[in-house]
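Listed below, chain by chain, are the residues.
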Amino acid sequence: MQPRRRRYVGGSTETKSKHFLKIILPSAIHGNQMRIPEEFIKRFGDELSTVATVSVPDGRIWKMRLKKCDKHVFFCTQWRHFVNYYSLSYGSHLVFRYEGNSKFRVLIFDITSAEICYPCKTRGTNSNRKRSKVDDEDSNVNLKSESKTKKEESDFSDRKQVQSGYNENHSSNSSEISKDSANTFKPKNPFVTSTIKLDRLYVGSKFASKYLKANVGMMLQNCNGEQWDVSCVCHSGSRAKIIFRGWSKFVRDNDLSEGDACMLELIKRDPIVLKLTT
């Protein structure tokens, strides 16, 4: 007789399993988010807020925004930096324990199923960084009434391949360089960095003059391979361009926030396809 699989059938919070295992797949490596298992959400979803705290054995505490999409809930803001920092790869295992009040503890295992040697805690790492907008937001808002709020500023490295000569309204926080991201993101294609505005995206003159044409349709692609139709216009008094038509829809559909650092990578030239990564 086949052994019967045990299923969760309800009960008090104390009797519910508070652990879940996540095996890292390509979607979690290349995307900006990681999906929390559906069974866990059935048990604890009602008590999760819009921001989760993830504690790691090395003493670091990560603030990650929780995004709800239909029945699914994702770790999103800061997830990519978390992946880079701990060098997660296909087949890595994460074991989460939920401690209530949207607080998690996690153990990280490599592809051999051995727990990793966590990076040494040094000055200037996550736990010592300046408090972000996400830290200051009220995290006691239920996911069912979640509204779009500003995401935490992402760290990005400047690249020598393309010098845009322009960082629009960058604060000292958003211009900080993440060495871990620099080691991870080394596109072979031409690229440029910029800062997201809700109504437009500035593209520096050196990149724009070489690869973009004003008022000519092109595709803007997110990290999941989905594409949006956009076009750009000339920036007054320079060879720079402004992505304007279709940009606002791209921002809404991808839940981007003003002030986020981003990278545009030219992945196809005819027709033009730009991949945007935050």
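Above: the structure in question.
The paragraphs below set out a description of the structure included in this document. As the structure is a prediction and not an experimental result, all values here were calculated from the model. (Residues numbered from 1 in each chain as written. Predicted model: local features only at pLDDT ≥ 70, side-chain atom pairs only at ≥ 80, totals over all residues. Heavy atoms only, no water.)

Below, the discussion takes up the packing of aromatic side chains. To describe a pair of aromatic rings, you give the distance between the ring centres and the angle between the ring planes. In the structure shown here, the tally under the stated rule is 21 aromatic pairs. Geometrically, the ring pair formed by phenylalanine 20 and phenylalanine 96 is stacked, given 4.7 Å between the ring centres and 15° between the ring planes. Taken together, the residues phenylalanine 20 in strand 1 (residues 19-23) and phenylalanine 96 in strand 6 (residues 93-98) connect sequence positions 76 residues apart. Accessibility expressed as a relative area gives 7% for phenylalanine 20, which makes it buried. On the basis of an interplanar angle of 20° and a centroid distance of 5.5 Å, the ring pair of tryptophan 79 and phenylalanine 82 is categorised as stacked. Here the residue tryptophan 79 and the residue phenylalanine 82 both occupy positions in helix 3 (residues 79-85), the gap between them amounting to three residues, near one helical turn. Neither tryptophan 79 nor phenylalanine 82 differs from the other in exposure class; each is buried. Members of the aromatic cluster, each reached through a chain of ring pairs, are Phe20, Phe40, Phe44, Phe75, Phe96, Tyr98 and Phe104. Over the ring of phenylalanine 74 we find lysine 67; its NZ or CZ atom is 6.0 Å from the centre of that ring. (Phe/Tyr/Trp six-rings, centres within 6.5 Å; stacked < 30°, edge-to-face > 60°. Helix = DSSP H or I, 4+ residues; strand = E, 2+ residues; numbered from the N terminus. Buried < 20%, exposed > 50% of the residue type's maximum accessible area, 1.4 Å probe, protein only. Lys NZ or Arg CZ within 6 Å of the ring centre and 35° of its normal.)

Now for the pattern of salt bridges. Tallied over the full model, the rule gives seven salt bridges. Linking aspartate 229 and arginine 245 is a salt bridge whose minimum nitrogen-to-oxygen distance equals 3.5 Å. Note that aspartate 229 is positioned in strand 11 (residues 227-234) and arginine 245 in strand 12 (residues 241-245), a separation of 16 residues in sequence. Owing to a relative accessible area of 40%, arginine 245 belongs among the partly exposed residues under this scheme. Note that lysine 249 and aspartate 253 form a salt bridge whose closest N and O atoms lie 3.1 Å from each other. Here lysine 249 pairs with aspartate 253, and both are found in helix 7 (residues 247-253), just four residues apart, close to one helical turn. (Salt bridge = Lys/Arg side-chain N within 4 Å of Asp/Glu carboxyl O.)

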